[in-house]
Amino acid sequence: MSTCPETGKVAAYHDGELSPDEHRRMERHIEGCRLCSRELAELRRLSSLLQSAQLPRMPEDALERLRARCARARERSLVRTAETFAAVAAGIAVACLVLFYREPSAQPSGIARIARNEVLESVVLSAGPDAGLEANGEYVLARWMVADLSLENGK
Amino acid sequence: MARIRDLSLLRRAGNGDETAFGELAGRYADRLYGLACSLTGRQDDAEEIVQETFLAAFRQLRTFREEASVGTWLTAILVRQAARARRSRGRRRTVPISEVSGGPDDDAALEPVSNGSREGLRLDVVDVLERLSPQHREVVVLREFEGRSYDEIARALGVPRGTVESRLHRARERLRELLRDYLD
Ligand SMILES: [Zn+2]
């Protein structure tokens, strides 16, 4: 059985992957080569057979499930964003209080110090238990700040 | 223009606009579903893959390059989701239905089936593709159904262009064997 060294390029020709010059050269070659023209005809038949086949269509109820799942994912991401904002806001509030109470001119009495720590705890806790993962990080950070603050005030 | 329209639909859908989502899904869901079926060679994973594709698209909206088309971008995400589904299926080590029920015989050519319509011969393309290896399936689907260039396929799959060419060559050889009754 005879072979042609150009047959390997027929697929690239068929797929439009040759440079314009190479494409024209191959076109002329295929016209005069029985092996390559048969190869091209077979590739064309295969492509048109595959492309004429019907791919399955998405079932109607699957479309509805897709819509519902995207809506749920969006709601969850909105809730997460809101929780993160709340936690960050609480963190900022704590930081402001820390700065305020560190002012040397405002030396607190013991009772006032306890009251203040309660305020701080409550600010922190309000962002705490229900918050999501990111928010929880903020919560832990705020707890550290409160602990740190209590130590400093207590010395 | 269609490109800009699609992009605005994608953004609005990502922000919860139901009408935009409906239009976007109407335009792409069928095509993505068909692709998912042909990439996995089965219909049961396709729905999940299409869902994951839309969710990933909304999450990654910021990475979308405006010069790309939404269809091409969604396809690229879907190819990755399908590969991921295949890997997790592999980890779960489920037994394919074909092995349980003595399904497709790998070496036999497919007999043309008549569906009683005027066309006479109907090709169950998902069934055919299921007989290819996942890697051969990917290149065939992206080339024959999506009309992607070798370079685009190489980028989508993260393999060299030469690998795309050789996989495509072997995949077509296999398809010519499997489909000889249709092609003669
Ligand atoms: Zn030749």
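Structural data are supplied above this passage.
Residues numbered from 1 in each chain as written. Chains lettered and ligands numbered in written order. Predicted model: local features only at pLDDT ≥ 70, side-chain atom pairs only at ≥ 80, totals over all residues. Heavy atoms only, no water.

## Considerations on the interface of chain A and chain B
Applicable threshold: Two residues form a contact once any of their heavy atoms are found within 4.5 Å. The term buried area refers to how much accessible surface (probe radius 1.4 Å) is lost by two components on association, counted for both of them together. The rule for a salt bridge is simple: a side-chain nitrogen of Lys or Arg has to be within 4 Å of a carboxyl oxygen of Asp or Glu. Pairing of N or O atoms within 3.5 Å defines a polar contact, subject to two protein rules: one partner must be a possible hydrogen donor and the other a possible acceptor, and residues neighboring in sequence count only if both atoms are side-chain atoms. Numbering of helices and strands starts at the N terminus; helices are DSSP runs of H or I of at least 4 residues and strands are runs of E of at least 2. Polar here means any residue other than Ala, Val, Leu, Ile, Met, Phe, Trp, Tyr, Cys and Pro, which are nonpolar, and Asp, Glu, Lys and Arg, which are charged; Gly is therefore polar.
If you look at the interface, chain A gives 31 residues, while chain B gives 40 residues. Carbon and sulfur atoms make up 61% of the surface buried where chain A meets chain B, a total of about 3200 Å² over both sides. For the interface between chain A and chain B, the tally reads 9 salt bridges. Across the pair R172 of chain B and D15 of chain A runs a salt bridge whose closest N-O atoms are separated by 2.9 Å. Applying the counting criterion to the chain A and chain B interface returns 15 residue pairs in polar contact (both at pLDDT 80 or more). Every element with two or more residues in the side of chain A that touches chain B is listed here: α1 (10–14), α3 (34–52) and α4 (60–102) of chain A. For the side of chain A that touches chain B, the class distribution of residues is 17 nonpolar, 4 polar and 10 charged.

## Focus on the coordination of the zinc ion
Residues and elements named next belong to chain A. To be explicit about the condition: Metal sites are built from N, O and S donor atoms within 2.8 Å, or 3.2 Å for Na, K and Ca, and they leave out water, so they may look incomplete. Each label reflects the angles at the metal, where four donors whose angles all fall between 85 and 135 degrees are tetrahedral, four or six donors whose opposite pairs open beyond 155 degrees and whose other angles stay between 65 and 115 are square planar or octahedral respectively, and the rest are irregular. Throughout, exposure labels follow a simple rule: accessible area from a 1.4 Å probe, protein chains only, divided by the maximum for the residue type, with under 20% read as buried, over 50% as exposed, and the rest as partly exposed.
Protein coordination at the zinc ion comes from C4 (SG), H29 (NE2), C33 (SG) and C36 (SG), with a distance range of 2.1 to 2.3 Å. The coordination sphere of the zinc ion comprises 4 donor atoms, whose angles at the metal cover 100 to 120°; the geometry is tetrahedral. The sequence motif formed by the donor residues of the zinc ion is C-x24-H-x3-C-x2-C. Taken together, the positions of C4 in the segment before α1 and C33 in the loop between α2 (20–32) and α3 put the pair 29 residues apart, joining distant regions of the chain. Under the relative-accessibility criterion, C4 is labelled buried at 16%.

## Some remarks on the packing of aromatic side chains
Residues and elements named next belong to chain B. Using the following cut-off: Centre distance within 6.5 Å is the pairing criterion for rings of Phe, Tyr and Trp, where only the six-membered ring of Trp is used; planes under 30 degrees apart are then read as stacked, over 60 as edge-to-face, and the remainder as tilted.
Scanning the entire structure with this criterion turns up 4 aromatic pairs over all chains. Plain terms: the ring middles of F64 and W73 are 4.8 Å apart, the flat faces sit at 70° to each other, and that makes the pair edge-to-face. W73 shares its class with F64; the two are buried. Each member of the aromatic cluster is reached from another via a ring pair, and the members are F21, F54 and F58.

## Comments concerning the nonpolar core
As a reminder of what qualifies: To define a nonpolar core, start from buried Ala, Val, Leu, Ile, Met, Phe, Trp, Tyr and Cys residues and group those joined through side-chain atoms within 4.5 Å. Annotation comment: domain bounds sourced from an automatic or database domain assignment.
Counting 80 residues, the largest nonpolar core has L66 of chain A together with V50, F54 and L179 of chain B as its most contacted members. Among the elements that make up this core, the one with the highest residue count is helix α2 (residues 18–40) of chain B (12 residues). Counting only domains with at least three residues in this core, you end up with domain 1 (7–52) and domain 2 (58–101) of chain A. When near neighbours in sequence (up to four residues on either side) are disregarded, F54 of chain B contacts L66 and C70 of chain A together with F21, L24, A25, Y28, A29 and L32 of chain B.

## Overview of the side chain of E6 of chain A
All names here are of chain A. Positionally, E6 belongs in the segment before α1. On the basis of relative accessible area, E6 is assigned to the buried category, the value being 16%. Here R25 takes part through its side chain, which lies 3.4 Å from a polar atom of the side chain of E6. Each residue touching E6, except ones within four places of it in the same chain, is listed here: R25, M26, H29 and C36.

Remember that the coordinates give geometry; whether it matters functionally is a separate question.
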